[in-house]
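What follows is each chain in one-letter form.
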Amino acid sequence: MKAFLIFSILLPGYFQPNMAKLISKEYLNYSIIKDDKTIGNIRIERSLKDDIAEYLFESRAKVKILYSIEIYDKMGVTFKQNILQQAKLYRTMNGKLKVNNTATWNGSFYNLSDKDGANGSLQQSIFCSTASLYFNEPGNLKSVFSEKFQKMIPIQKIDSKRYRIHLPNGNTTTYTYSSGICTLVEANTDFANLKFVLSTNPNKNH
């Protein structure tokens, strides 16, 4: 899908010049691979306008082990002036709700909630999350925010283009980059070893 521009909306009776600023949108599409077979896909959109960056992540995968497991993920993550403002993760397995997490910045700290209600707070600013890793090579960052675990996770630089995070549940995820864009994710999960392979170059427009 080609990126598109959203222009100003003319409201009846007047026109505000600052409404004419453009929104830049980019898209990344990944194939989810297990045992050399495609079992699903991931689509990530990044919208940029002024000092606000928004990431929308959506994935579907179907894995058959002893029985069929269908997993659906949807994330929405917003940064303002490079500080995370809100992160939402919604996940179902075979149609049943498994995760419904939200982290919201109130100017001093993050209020956290999950599918059962309030889930504490996080007392630090966040500059990178797992959703934003697809568009942003972490470089010298020491940790990223996990939308699933609602905490900061250390990230290890393996070499000039590869980085690894060790998740609290013992799983690992390795990210490989080219020109600042993630081209490959190797995810060691509870149920399978998966690869997310970039299948199209980002569509981009400013």
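Draft legend 1. Examining the overall build of the protein more closely. Across its full length, the protein carries 0 helices and 14 strands. Relative to its 206 residues, the protein shows a buried fraction of 39%. Taking contacts inside the protein between residues at least 6 apart in sequence as the whole, the part at least 24 apart equals 36%. Put simply, the protein shows about 11600 Å² of open surface, and 50% of that area lies on carbon and sulfur atoms.

Draft legend 2. Expanded view of the pattern of salt bridges. Following the criterion strictly, the structure yields 6 salt bridges and no others. For Lys34, the salt bridge identified is with Asp35, shortest N-O distance 2.9 Å.

Draft legend 3. Molecular detail of the nonpolar core. Counting residues in each nonpolar core, the largest one holds 47 residues, and the members touching the most others are Tyr30, Leu84, Tyr134, Phe145, Tyr175 and Phe196. Among the elements that line this core, the one with the most residues is strand 3 (residues 52-64), at 5 residues.

Draft legend 4. Spatial organisation of the pairing of strand 11 (residues 162-166). Only one face of strand 11 is covered, namely the one carrying Tyr163 and Ile165; the face carrying Arg162, Arg164 and His166 has none of its residues buried. Bridge count for strand 10 (residues 151-157) against strand 11 is 3 bridges, and the pairing is antiparallel. Residue pairing for strand 11: Gln156 is matched across the bridge by Arg164. Between strand 10 and strand 11, which pair antiparallel and follow one another directly, the connecting turn spans 4 residues. Both strand 11 and strand 12 (residues 172-178) contribute to a ladder of 5 bridges, which runs antiparallel. Across the sheet, Arg162 pairs through a bridge with Thr176, a residue of strand 12. Hairpin connection of strand 11 to strand 12: 5 residues between the antiparallel strands, including Gly170 at a positive phi of 95 degrees.

What counts as what
Residues numbered from 1 in each chain as written. Predicted model: local features only at pLDDT ≥ 70, side-chain atom pairs only at ≥ 80, totals over all residues. Heavy atoms only, no water. Helix = DSSP H or I, 4+ residues; strand = E, 2+ residues; numbered from the N terminus. Buried < 20%, exposed > 50% of the residue type's maximum accessible area, 1.4 Å probe, protein only. Contact = heavy atoms within 4.5 Å. Areas by Shrake-Rupley, 256 points an atom, 1.4 Å probe, with all protein chains shown as cover. Salt bridge = Lys/Arg side-chain N within 4 Å of Asp/Glu carboxyl O. Core = buried A, V, L, I, M, F, W, Y, C linked by side-chain atoms within 4.5 Å. Pairing = 2+ DSSP bridges.

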